[in-house]
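Listed here are the chains, written in short residue letters.
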Amino acid sequence: MAEEFIMTQKGYDEAKEYLNYLQTEKRKEITERIKVARGFGDLSENAEYDAAKNEEALNESEIRELENKIKNAKIMEESTDNSMVHFGNVVTVSYFDEEDGDLEETYTLMGSTEADPENNVISIDSPFGSALIGAKCGDTVTVHSPRGDYQVKILAIK
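Cut-offs used in this document
- Going along each chain's sequence as written, the residues are numbered from 1 onward.
- Where local features are concerned, this predicted model is filtered to residues with pLDDT of at least 70; where side-chain atom pairs are given and counted, the filter is 80 or more; whole-chain, interface and lining totals use all residues.
- With hydrogens and water set aside, each side-chain value is computed from the structure's full complement of heavy atoms.
- For cavity detection a 1 Å grid was placed over the protein atoms alone, and a set of points counts as a cavity when a 1.4 Å probe fits there but cannot get out; an open set counts as a pocket when protein lies on both sides within 12 Å along at least five of seven lines, with lining residues being those that have an atom within 4 Å of a point.
- Grid points are joined across faces, edges and corners, and a volume is the space filled by probe spheres set on the points.
- Each helix is a run of DSSP H or I of at least 4 residues and each strand a run of E of at least 2, with the numbering of both proceeding from the N terminus.
- Here, the term nonpolar core denotes a set of buried Ala, Val, Leu, Ile, Met, Phe, Trp, Tyr and Cys residues that are joined through side-chain atoms within 4.5 Å.
- Exposed residues in this analysis have more than 50% of their type's maximum accessible area, buried residues have under 20%, and partly exposed residues fall in between, with area computed by a 1.4 Å probe over protein chains only.
- Each Phe, Tyr or Trp ring (for Trp, its six-membered ring) is paired with any other whose centre lies within 6.5 Å, and the angle between the two planes then decides the class: stacked below 30 degrees, edge-to-face above 60, tilted in between.
- By convention in these notes, a salt bridge is any Lys or Arg side-chain nitrogen within 4 Å of a carboxyl oxygen on Asp or Glu.
- How far a helix is expected to stretch is found by multiplying one less than its residue total by 1.5 Å.
- Any two residues whose heavy atoms approach within 4.5 Å are treated as being in contact.
- Under the rule applied, a polar contact is a pair of N or O atoms within 3.5 Å (in protein, one hydrogen donor and one hydrogen acceptor; residues adjacent in sequence only if both atoms are side-chain atoms).
- By this definition, two strands are paired if DSSP reports at least two bridges between them.
- Lines fitted to the C-alpha atoms define the axes, with helices restricted to the stretch that makes contact. Angles between their N-to-C directions range from 0 to 180 degrees.

Let's shift gears to the layout of surface pockets. Of the pockets and cavities examined, the largest pocket occupies roughly 560 Å³. What lines the largest pocket is a set of 19 residues, and nearest its centre among them are Tyr95, Phe96, Asp97, Arg147 and Tyr150. Examining the composition of the lining of the largest pocket, we find that 4 residues originate from one element, strand S7 (residues 148–157), more than from any other.

Okay, structure coming up:
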């Protein structure tokens, strides 16, 4: 059975839109760059051609990956149940950091396709996200991460 990719309807729609961009506009841009680079002569020493071909391979790889995620998407609604942590909840936690001391952070839990760690949108499949799922306000949970285990306390669930 293929792996399911959990996402919201919005995330699914955005993935389809991005896939369309990669298949049409970006593919055309890369094809044009390859065509221009071919005009520079000897392909064996043509850095522009090599760069364009590498970009083409990366684009095609991203297209295949995105097609697979869309094909195997499982659309889930964001939870309105705030009694425990679910997919789609916004969760505020506190934890201790060696360098910065006590910290408080707020995270949104989504599927891996919509995760954006730089903006505190984390995957429910990540060690951090999976530790939070099912926890209640006031609970302290242990996160098993590659850098070692640590504990976070659930302060609020929205």
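Still to come is the rest of the account.
Below, the discussion takes up the nonpolar core. In terms of nonpolar packing, the biggest core is built from 21 residues, with Val93, Phe128, Leu132 and Val152 touching the most fellow members. Those elements giving two or more residues to this core turn out to be strand S3 (90–97), strand S4 (101–110), strand S5 (121–123), helix H3 (127–132), strand S6 (140–145) and S7. Of all hydrophobic cores here, the second largest spans 9 residues; its members include Ala15, Ile63, Leu66 and Ile70.

What follows deals with the packing of aromatic side chains. A ring pair, where both rings are aromatic, is described by two values, the distance of the centres and the angle of the planes. Across all of its chains, the model carries 3 aromatic pairs by this definition. Here the aromatic rings of tyrosine 18 and tyrosine 21 are separated by 6.0 Å at their centres, their planes lie at 25°, and the arrangement is stacked. In this pair, tyrosine 18 and tyrosine 21 both sit in helix H1 (residues 9–38), 3 residues apart, roughly one turn of the helix. In this structure tyrosine 18 comes out as partly exposed when scored by relative accessible area, which is 35%. Note on tyrosine 21: relative accessible area 29%, which makes it partly exposed.

Once that is clear, we can look at the pattern of salt bridges. One pass over the full model with this rule turns up 5 salt bridges. Here glutamate 14 ties to lysine 10 by a salt bridge, and the two come within 3.7 Å at their closest N and O atoms. Separated by 4 residues within a single helix, glutamate 14 and lysine 10 lie in helix H1, roughly one turn from each other. Between arginine 33 and glutamate 55 there is a salt bridge; the shortest N-O distance is 2.1 Å.

Right, let's talk about helix H2 (residues 47–71) for a bit. Its 25 residues place the ends of H2 36 Å apart at the C-alpha level, agreeing with the 36 Å of an ideal helix rising 1.5 Å per residue. Here H2 has its buried residues at Tyr49, Ala52, Asn59, Ile63, Leu66, Lys69 and Ile70. Considering only its buried residues, H2 is in contact with strand S1 (5–7), H1 and strand S2 (73–75). The N-cap residue of H2 is asparagine 46: its side-chain oxygen and the backbone nitrogen of glutamate 48 are 3.2 Å apart.

Attention shifts here to the environment of asparagine 59. Note on placement: asparagine 59 falls in helix H2. Under the relative-accessibility criterion, asparagine 59 is labelled buried at 2%. Along the sequence, asparagine 59 and glycine 129 sit 70 residues apart, while their C-alpha atoms lie 29 Å from each other. If we skip the residues at most four places from it in the chain, asparagine 59 touches Leu22, Lys26, Arg27 and Ile30.

What follows deals with the sheet that holds S3. Taken together, the 5 strands give an open sheet; going across it, the order is S5-S4-S3-S7-S6, and neighbouring strands pair in mixed fashion. With partners counted over all chains shown, the strands left at the sheet margins are S5 and S6, one partner each. Each adjacent strand pair in this sheet contributes to an overall mean axis angle of 45°, direction not counted. Here S3 pairs with S4 via 8 bridges, running antiparallel. For valine 91, the partnering residue across the bridge sits in S4 and is tyrosine 107.

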